[in-house]
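Chain residues, written in single-letter form:
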Amino acid sequence: MTPHMLTRSLDRSATIFLLVVAALGVLIPLSNLLLPAGSFLQVPTYLVALWGKYVCYAILALAIDLIWGYCGILSLGHGAFFALGGYAMGMYLMRQIGTRGVYGNPILPDFMVFLNYSKLPWYWYGFDMFWFAALMVLVVPGLLAFCFGWLAFRSRVTGVYLSIITQAMTYALLLAFFRNDFGFGGNNGLTDFKDILGFNVQAEGTRAALFALSCLALILGFLICRAIVSSKLGKVLIAVRDAESRTRFLGYRVESYKLFVFTVSACMAGVAGALYVPQVGIINPSEFAPGNSIEAVIWVAVGGRGTLVGAALGAVVVNYAKTFFTSGMLAPYWLFMLGALFILVTLLLPKGIVGTFNAWWDSSNEKRPAATTASAAAEDGVTETKMAEEAQ
């Protein structure tokens, strides 16, 4: 990925989006750390953590838009990749607790001591090192996506059938992680984190740094997606989305393209989950719930499928609305409101918020040169009637 490719892939809306995210990633942490508490411009620590969660959701939305908006793969199981990345980071954070746990065991996490584990399971080895955990954040979701995609795309499973089996995959993982003997904390999951890289996860400085890092990850994820969709590879992905059979008949290995983009998308979702866990403070099997994956698809539909910027914007807007409406008397009706929002967007704004705005902007730009040309001709005394008379 060369700098020229990245620069070439950016348009005005993408540049504005990147500048806004970069500005927020710098200004919000500085406001939280440097301004006195109670100041009008000071951002409280709880809002830094909340907005950091929104940024992680935006990365997940980008991952879904990459495969759905540009390749036509509607995955209803991306919450599984998000959760696996979160569990990989959670395992590292649990290993950092050491003797500060309730039972004071230097090796075993508290839930393993409570469940009478005699030794640490082999798949927990290495998670006391940050570099290994960071590697697993990418490898575990990516490997699962590669194996799943290789089987599904090779069998030419598409459309609603692919959506159903992705949902079945995440539900199977939900049931597995609920088991106490699976070695991941069962129903309670992983929590009570203390440190990350030696820094207190509850400290204001750590939360500000995690927010800035999340914004940086969003920028990098966006640039990767833009580089992919604006390249020749992206043109093939769009062709697969619009006419998969024709693309295959032209000689393209459709399965390989879909497998590549599906794996990249899963790795991005894993990174989002890894950044999400230390800011929220817990990871449990509820993150595998199929409803979470469906909700993430709604973010992309609301913001604008196939726009990238719209996907990130939709994640922030919908989750802000969720935070606002679930804190009052409307809390029991949030799911109904979310469903109504999806229906209204589908009927009234089928291209989503950003997609509809882009269509309106393009049409207005097309009309403007025509109007300018007609106005200039009128000033010169040239009209359609005169042109017709002169032609005769």
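Keep in mind that what you see is a predicted model, and the values were worked out from it rather than measured.

Asks: Break down the packing of helix 8 (residues 204-229) against helix 11 (residues 254-280) for me, citing the residues and quoting the values.
Replies: Between helix 8 and helix 11, whose axes approach to 10 Å, the crossing angle comes to 170°. Taken together, the axes of helix 8 and helix 11 lie roughly antiparallel to each other. Touching Arg207, Leu210, Phe211, Leu213, Ser214, Ala217, Gly221, Cys225 and Ile228 of helix 8 are Phe260, Val264, Met268, Val271, Leu275, Pro278 and Gln279, all from helix 11. Tallied by class, the residues present in the contact of helix 8 with helix 11 amount to 12 nonpolar, three polar and one charged.

Asks: Quick one: what's the story with the state of the cysteines, residue by residue and with numbers?
Replies: This model, assessed by the stated rule, comprises zero disulfides. Here Cys71 stays unpaired: no disulfide links it, and the sulfur of Cys225, its closest cysteine neighbor, is 13 Å away. In this structure Cys71 comes out as buried when scored by relative accessible area, which is 3%. Just so you know, Cys215 is unpaired, no disulfide at all, and the nearest cysteine sulfur is the one on Cys56, 9.2 Å from it.

Asks: If you had to explain the packing of aromatic side chains to someone new, which residues and values would you point to?
Replies: Inspection of every chain in the model, using the stated rule, returns 24 aromatic pairs. For the pair Tyr87 and Phe177, a centre-to-centre distance of 4.7 Å together with 50° between the ring planes defines the contact as tilted. On the criterion of sequence distance, the pair formed by Tyr87 in helix 4 (residues 78-95) and Phe177 in helix 7 (residues 159-178) is long-range, its members being 90 residues apart. We note that Tyr87, like Phe177, is buried. Ring centres of Phe153 and Phe262 lie 5.6 Å apart, and the angle between their planes is 90°; this geometry places the pair in the edge-to-face category. Taken as a pair, Phe153 in helix 6 (residues 130-154) and Phe262 in helix 11 lie far apart in primary sequence, 109 residues in all. Taken together, Tyr87, Phe111, Trp122, Tyr123, Trp124, Phe177, Phe182, Phe184 and Phe288 form an aromatic cluster joined through their ring pairs.

Asks: Please set out the packing of helix 4 against helix 7 residue by residue, giving values where relevant.
Replies: The N-to-C vectors of helix 4 and helix 7 enclose an angle of 35°; their axes lie 10 Å apart at closest approach. From helix 4, Ala80, Phe81, Leu84 and Tyr87 reach across to helix 7, where they touch Met169, Thr170, Leu173 and Phe177. Of the residues that constitute the contact of helix 4 with helix 7, the class distribution is seven nonpolar, one polar and no charged.

Asks: I'd like to hear about the pattern of salt bridges, residue by residue, with values.
Replies: Considering all chains together, one arrives at nine salt bridges under this definition. Residue Arg156 pairs with Glu255 through a salt bridge whose shortest N-O separation is 3.6 Å. Separated by 99 residues along the polypeptide, Arg156 in the loop between helix 6 and helix 7 and Glu255 in helix 11 bring together distant segments of the chain. For Arg248, the salt bridge is made with Glu255, and the minimal N-O distance between the two is 3.0 Å. Across this residue pair, the class does not change: Arg248 and Glu255 are buried. Each of Arg156, Glu244, Arg248, Glu255 and Lys258 takes part in a single network of salt bridges with overlapping partners.

Asks: Any chance you could break down unusual backbone geometry for me, citing the residues and the numbers?
Replies: For Asn116, which is not glycine, the phi torsion reads 65° and is therefore positive. Looking at the element boundaries, Asn116 is found in the loop between helix 5 (110-114) and helix 6. In this model, Leu308 sits at a positive phi of 65°, which is unusual for a non-glycine residue. In this structure Leu308 comes out as buried when scored by relative accessible area, which is 0%.

Asks: Residues and numbers for the side chain of Ser163, please.
Replies: In this fold, Ser163 is placed in helix 7. Once you skip the residues sitting within four places of it in the chain, Ser163 turns out to touch Leu74 and Leu76.

Asks: Run through the nonpolar core, naming residues and quoting values.
Replies: Side chains of a nonpolar character, in soluble globular proteins, are inclined to be buried together. Trp124, Leu190 and Phe288 are the most contacted members of the largest nonpolar core, which has 110 residues in total. For this core, the element with the most residues is helix 3 (residues 45-71), which contributes 19 residues.

Asks: Hey, could you go over the side chain of Thr45 for me, with residue numbers and the actual values?
Replies: Note that Thr45 resides in helix 3. Among residues more than four places away in sequence, those in contact with Thr45 are Asn32, Glu204 and Arg207.

Asks: Tell me what's going on with the environment of Ala274, and back it up with residues and numbers.
Replies: With respect to the helices and strands, Ala274 occurs in helix 11. Here the alpha-carbon distance between Ala274 and Leu138, two residues 136 residues apart in the chain, equals 9.5 Å. Apart from residues lying up to four places away in sequence, Ala274 is in contact with Gly85, Gly86, Met89 and Val137.

Parameters at a glance
Residues numbered from 1 in each chain as written. Predicted model: local features only at pLDDT ≥ 70, side-chain atom pairs only at ≥ 80, totals over all residues. Heavy atoms only, no water. Axes fitted to C-alpha atoms, helices over the stretch in contact; angles between N-to-C directions. Helix = DSSP H or I, 4+ residues; strand = E, 2+ residues; numbered from the N terminus. Parallel < 35°, antiparallel > 145°, perpendicular 65-115°, else oblique. Contact = heavy atoms within 4.5 Å. Nonpolar A, V, L, I, M, F, W, Y, C, P; charged D, E, K, R; others polar. Disulfide = S-S within 2.5 Å. Buried < 20%, exposed > 50% of the residue type's maximum accessible area, 1.4 Å probe, protein only. Phe/Tyr/Trp six-rings, centres within 6.5 Å; stacked < 30°, edge-to-face > 60°. Salt bridge = Lys/Arg side-chain N within 4 Å of Asp/Glu carboxyl O. Core = buried A, V, L, I, M, F, W, Y, C linked by side-chain atoms within 4.5 Å.

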